[in-house]
Protein chains: 2
Amino acid sequence: MTTYTLEFITESGKATTVQVPYGISLSDAALEAGVELNIPCGGQGRCGRCAVIVEEGAVRRRSTLRLSAADVEAGYALACQTVVEGDARISVPPQEKIERLLETDKTAAKITVPFAYDPALHQAVRRVGLPIDPPSRADNTDDMSRLRRTLAQQAGINDVRARLSVLQKLGGALRSDHWNVTAVIETDTWDMPNGPPRLVDVLPGDRCDENWGLAIDIGTTSNVVYLVNLINGDVVQQAADYNGQIRRGEDVISRMIYAGKNGGLEELQKLVVGTLNKLIQRVARQQGVQPEEIHKAVVAGNSTMIHLFLALPPQSIRLEPFVTTVNQVPSVRAAEISLAINPEATVDCLPGVASYVGADITSGVVSSGMVDVGDITLFIDVGTNGEMVLGDGSWLITCACSAGPAFEGAGVVDGMRATRGAIEEVWLNAATAEPTYRVIGGGKPRGICGSGLISLLAELFITDVIDKSGNLNQTMDSPRIRVGEHGDEYVVAWAEETEHGRDIAITHPDIDNLLRAKAAIYAGFASLAQSVGVDLSDVSQLFIGGAFGQYLNVEKSVQIGLLPDLPWDKFHFLGNTSIKGAYMALLSRDMRAEIEVAATKMTYLELSADNTFYDQFTSALFLPHTDIDRFPSVAAALGDNSS
Amino acid sequence: MTTYTLEFITESGKATTVQVPYGISLSDAALEAGVELNIPCGGQGRCGRCAVIVEEGAVRRRSTLRLSAADVEAGYALACQTVVEGDARISVPPQEKIERLLETDKTAAKITVPFAYDPALHQAVRRVGLPIDPPSRADNTDDMSRLRRTLAQQAGINDVRARLSVLQKLGGALRSDHWNVTAVIETDTWDMPNGPPRLVDVLPGDRCDENWGLAIDIGTTSNVVYLVNLINGDVVQQAADYNGQIRRGEDVISRMIYAGKNGGLEELQKLVVGTLNKLIQRVARQQGVQPEEIHKAVVAGNSTMIHLFLALPPQSIRLEPFVTTVNQVPSVRAAEISLAINPEATVDCLPGVASYVGADITSGVVSSGMVDVGDITLFIDVGTNGEMVLGDGSWLITCACSAGPAFEGAGVVDGMRATRGAIEEVWLNAATAEPTYRVIGGGKPRGICGSGLISLLAELFITDVIDKSGNLNQTMDSPRIRVGEHGDEYVVAWAEETEHGRDIAITHPDIDNLLRAKAAIYAGFASLAQSVGVDLSDVSQLFIGGAFGQYLNVEKSVQIGLLPDLPWDKFHFLGNTSIKGAYMALLSRDMRAEIEVAATKMTYLELSADNTFYDQFTSALFLPHTDIDRFPSVAAALGDNSS
């Protein structure tokens, strides 16, 4: 086969050469060369962020979407949409760096055991110290039988089984400290509740004073790890970082598309496990624990994240009729997925309900306590996708809707993530339409994050700068209301105030995007309520989970019609309910069983099955809603303004 | 760290260079360089076969045993006993090649199902063809639940479990032939008899017309594989070859020593699996079967071979008080040990009893039928080690004794394996002491194999060339009786008759070795009988297993006192009873259970525990025995000669 020589030159001037076949994309070639390229849309040619410069050589541009004629003239090409037809030399511009998440979730510092934890009662993994009678000519039974016999006699644990890798270290462990060992035993994994106890590890000497487990939350954006002392149940260390998969797609759809490429699934699996392993090393080092002595992990995450974590092809999640490979994942061993804890440790991925209602939600439903409330409760987790659950514990109905990335700052011209430099809250002077705002980190603004956009949208509406359809009031006398490149827009910050020296504005298309996003969320839970004949005003509590929820302003969210108009004391912001559920399941078999029961009990409502959702959605495309009677507090606030 | 440059030059003139640290042995350096060296004694410096020539450079000889002063002068060094102290250039002489075993064991051609095989009744692995209703919006359960539901509805198989690697291929398999699949299901593995059924594989389309399994015998010397059609129970292909570990030691002790070296265990594991994988490829290709469609394997072998096959450190088998890591090995998956069949296939290693009574013997005890006989039966498997079992099925007692390698042709000056050129039978003219002999393959002789040695020893004794202590009769007038380099000897073949142009003789030390070997075997079963108060004449049947047994002449074996003096019709030569047991266990869960029961029932007699064995051994160091009354037929044959 003829191959061609590609030379990649990065910012630093470093040149990397690779031999590739005819027709390979520049992005695949870069991957082969080990040259880092961000591909947030997963290689669909949509985002334009993988642009490179073809210095010389034979390539063919399949698409130049997002590139101007001048860009193409200057040699720019989308790496994912450009194929090699001969030798070429490619310059790679500096790649966007994702800012590091806060090392520690500040709310997590307060984590305490959510019930009276008793390891003897709740914990499936335990350590048993054993002085063993050494073999002799008169008593020459094999090592494993000797250990089993001792476990039965001294600890009443019968019929213990061991996998090969434990047997391979057994003889050495027994003999290295004069036949004193600590057996690490696991009983009752969720998928084998009446199965025999399992020997997970054998440690020389008496090591019963320690016992370690991990709770893991795999978010599409960020991953969180808790190191848990299984003796008293405390979270002793925690760490978080962005999911390493982000560079191969920002949302689950892009990731699934990337997973369908050759080698893509394996790469995505390695990326997320790579992120987790770094976090594990960090928490273990901080605590002075050997990662090999972590003997259990429980994992929550949405269905796509769980599939990618386990290298399960996620394609069917994305395609009609949207099914997963498996919702109730069997226990896997850490070695099977290269998670850097004890290779024999059980890794228990919590159960999901459907393609877009995953283990993050079942975990949240149980950890939020909504299964025990008894009254009708609404649980909402808002991100790129909105997942919601309605019920009183005896029944639970759930659905998912795509809100799009507007609330995460994407699809909005000056949108950005909730990191340093983001405008997170805005107030408007009702008379002058002049804004004041707060910036994360306190410096000059660079853009507006989700909570800032909600706040801005509500203020614009309440002060009549926009009408209930989101149209800007061009009759208002303010230099901030103008016609820009994308049509009508409102300037939040003038160039001289901003970090990058450009105006920060919200445009009419931005407002349309935000309206569609909030309408999708509202239509989701309204459809749930309608399907079971419940009025939203009957909801006794509204639980809001997810990182985004932590920064949500209830008043503003109600004013734009994102959340239902309930008394403020009914709203509860619960933070990361997903990892909290994983943590509870790690501690207690009963909690794990409750999540299992909740997953089984949850009825999945397919929103595309009839017109209910569509009708609710179109009615919600206004501020706050077509039917203002649904939002009495907003009607009151508008007062005469809205009449 | 300072490293030195070693250059190895092989027969073909090819030079290989490797960087090694100070103090490494030449044999380890050769391993690192990928240069093949035979080390039959496992690197103990005993056999002298790893001799190399140090052309130049700094080395230190720790031992020169087996090398003459002239050899050392000429630069020879034992690779395993010579350490690197600087750069060096080493010539590697041509390495001995082990002749290929016969492709097919001739007796195996007649293998038939040993009972009325009914897969529905006996077989744990079955294929189920499933037309599955595809998912829809109205029925969007996950793939695994859909398969489980269909299996329950269409085949009555409930609660099927799948491991991760099967889930990873599930989605693709279901969709590649329009939701028609064949599920490969395993129920009732021996170590989880009441466990849930397991999904071993999912094949697109209807593939129920096939179902494949493997029976494997891992001998210290040779490995045998049967490809079995699990639908009708037939052995459709078989193949055998030498165990690839031979180059790292000929007997189990040498292998265990080699396993204790750095990387030795992993290397030995790879060597035996390498041999098996070649055999598997061969039988699969011959039958037109994909190795991935072999969904089960059952393995028999001695305890050391099973440990090495599973990479279990065998050290404790060799050291006081001689215990294994595990006698009842849990089911492992083929992927865990890199056996090249379906990675999820269960590999079931049959249970052993003790360090030197392994699964080859339990397998033989059941496949020979001795557990069903009802009368007192003696089962003997003779090789380097002699294993024997005595009992009537309701009770079984077993022991093992080291016969040494004399019967395999080692420790005898002109000894050799039973391959082409070996004298396999000898007759002596009683008057002239002139021999006639038969050579395997029919050509000129190169040496004498085990059966030839037994035959020769018996003839020498019966014709008074040696006395009952094994001393040569120097008064006899024959040029064949002479004093050679090793003392008294008898020439079997003159130089002009032999392939290598040297005399083939048996020496006095050879005869001593053979006497010790036969005495050990006799003392073994005599001790067994004594321990339970049974007289050997009460034995109703004598089963002889093992490849060696196939070529044993009963009359000659009795004459030298290797076997007890019983009527010839009580002797049954059963061939490879080890693989036969594996084959039966592969076919039937009941047979597997019977082997388990037999293993549990067998009482292990530790021969070194008291003086019984020693007394029996010293009494048996004569031809046929100190107590000639134990051998009435031999006494009769000797007639006046022996008086």
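Figured I'd write up the structure that's included with this text. The model shown is predicted, which means the values in this text are computed figures rather than measured ones. (Residues numbered from 1 in each chain as written. Chains lettered and ligands numbered in written order. Predicted model: local features only at pLDDT ≥ 70, side-chain atom pairs only at ≥ 80, totals over all residues. Heavy atoms only, no water.)

**Observations concerning the overall build of chain A**
Part 1 of the reasoning: Assigned secondary structure in chain A consists of 18 helices and 27 strands.
Part 2 of the reasoning: Relative to a compact globule of 643 residues, whose C-alpha radius of gyration would be 26 Å, chain A shows 28 Å and is just as compact.
Part 3 of the reasoning: Structurally, chain A occupies a C-alpha span of about 100 × 70 × 45 Å along its principal axes.
Part 4 of the reasoning: Counting every position in chain A, which comprises 643 residues, the buried fraction comes to 57%.
Part 5 of the reasoning: The contacts of chain A with a sequence gap of at least 6 include a subset with a gap of at least 24, amounting to 67%.
Part 6 of the reasoning: Carbon together with sulfur atoms contributes 49% to the accessible area of chain A, which is approximately 24,700 Å² in total.
Part 7 of the reasoning: Each charge sign in chain A was given a centre, from 53 positive and 80 negative side chains, and these centres are 7 Å apart. (Helix = DSSP H or I, 4+ residues; strand = E, 2+ residues; numbered from the N terminus. Rg over C-alpha atoms; globule rule 2.2 N^0.38 Å. Buried < 20%, exposed > 50% of the residue type's maximum accessible area, 1.4 Å probe, protein only. Contact = heavy atoms within 4.5 Å. Areas by Shrake-Rupley, 256 points an atom, 1.4 Å probe, with all protein chains shown as cover. Lys, Arg positive; Asp, Glu negative; His and termini not counted. Charge placed at Lys NZ, Arg CZ, Asp CG, Glu CD.)

**Structural notes on the relation of the copies chain B and chain A**
The operation relating the pair of chain copies consists of a rotation about an axis and a translation along that axis.
Part 1 of the reasoning: The transformation that overlays chain B on chain A combines an axial shift of 0.1 Å with a rotation of 180°, and the residual RMSD is 0.1 Å. Here the transformation between the copies is reduced to the relation of a two-fold axis. It is Gly195 of chain B whose C-alpha, among those of chain B, lies nearest the rotation axis, at 3.8 Å.
Part 2 of the reasoning: A shared interface surface links the copies, since 100% of the contact residues of chain B are contact residues in chain A too. (Least-squares fit on C-alpha atoms with pLDDT ≥ 70 in both.)

**Quick notes on the pattern of salt bridges**
Part 1 of the reasoning: Across all of its chains, the model carries 60 salt bridges over all chains by this definition.
Part 2 of the reasoning: Connected through salt bridges with shared partners, the residues Arg163, Glu186, Arg198, Arg333 and Glu344 of chain A form a single ionic network. (Salt bridge = Lys/Arg side-chain N within 4 Å of Asp/Glu carboxyl O.)

**Focus: the sheet that holds strand β12 (residues 235-242) of chain A**
Part 1 of the reasoning: Pairing is mixed across the open sheet formed by six strands, whose spatial order is β12-β11-β10-β13-β15-β14 (chain A). Looking along the sheet, the strands with just one partner apiece sit at the ends: β12 and β14 (332-333) of chain A. (Pairing = 2+ DSSP bridges.)

**Some points on the interface of chain B and chain A**
Part 1 of the reasoning: Between chain B and chain A, the residue contacts involve 40 residues of the former and 40 residues of the latter.
Part 2 of the reasoning: Both faces combined, the contact of chain B with chain A buries some 3,400 Å², and carbon together with sulfur accounts for 56% of it.
Part 3 of the reasoning: Where chain B meets chain A, there are two salt bridges.
Part 4 of the reasoning: Residues Arg137 of chain A and Glu320 of chain B are paired through a salt bridge, measuring 2.2 Å at the closest nitrogen-oxygen approach.
Part 5 of the reasoning: Those elements that place two or more of their residues in the side of chain B that touches chain A are α4 (143-155), β7 (161-162), α5 (164-176) and β14 (332-333) of chain B.
Part 6 of the reasoning: Ranked by the residues each element gives to the side of chain B that touches chain A, the list is headed by α5 of chain B, at five residues. (Buried area = accessible area lost by both parts, 1.4 Å probe.)

**Overview of helix α4 (residues 143-155) of chain A**
Part 1 of the reasoning: Taking 1.5 Å of rise per residue, the 13 residues of α4 of chain A would be expected to cover 18 Å, and the 17 Å separating its terminal C-alpha atoms lies within 8% of that figure.
Part 2 of the reasoning: Burial in α4 of chain A covers these residues: Asp143, Met144, Arg146, Leu147, Thr150 and Leu151 of chain A. Buried residues of α4 of chain A fall within an arc of 160° about the axis and therefore sit on the same side.
Part 3 of the reasoning: Considering only its buried residues, α4 of chain A is in contact with β6 (125-131), β7 (161-162), α5 (164-176), β8 (180-186) and β9 (198-204) of chain A together with α9 (315-318) of chain B.
Part 4 of the reasoning: Where α4 of chain A ends, the next residue or the one after it, Gly156 of chain A, has phi of about 65°, a positive value. (Expected span 1.5 Å × (residues − 1). Arc of directions from axis to C-beta.)

**Thoughts on the pairing of strand β3 (residues 51-61) of chain B**
Part 1 of the reasoning: Pairing between β3 of chain B and strand β4 (residues 76-78) of chain B: three bridges, direction antiparallel. Directly across from Val52 of chain B, in β4 of chain B, lies its bridge partner Ala77 of chain B.

**Quick word on the sheet that holds strand β1 (residues 3-9) of chain A**
Residues and elements named next belong to chain A.
Part 1 of the reasoning: A sheet is described by the order of its strands in space; here five strands give the open sequence β2-β1-β5-β3-β4, paired in mixed fashion. Looking along the sheet, the strands with just one partner apiece sit at the ends: β2 (15-21) and β4 (76-78). Pairwise comparison of adjacent strand axes, ignoring direction, gives a mean angle of 45° for this sheet.
Part 2 of the reasoning: Contacts between helix α1 (residues 26-33) and the sheet are confined to β1, β2, β3 (51-61) and β5 (82-91), with β2 contributing the most and set at about 120° to the helix. (Axes fitted to C-alpha atoms, helices over the stretch in contact; angles between N-to-C directions.)

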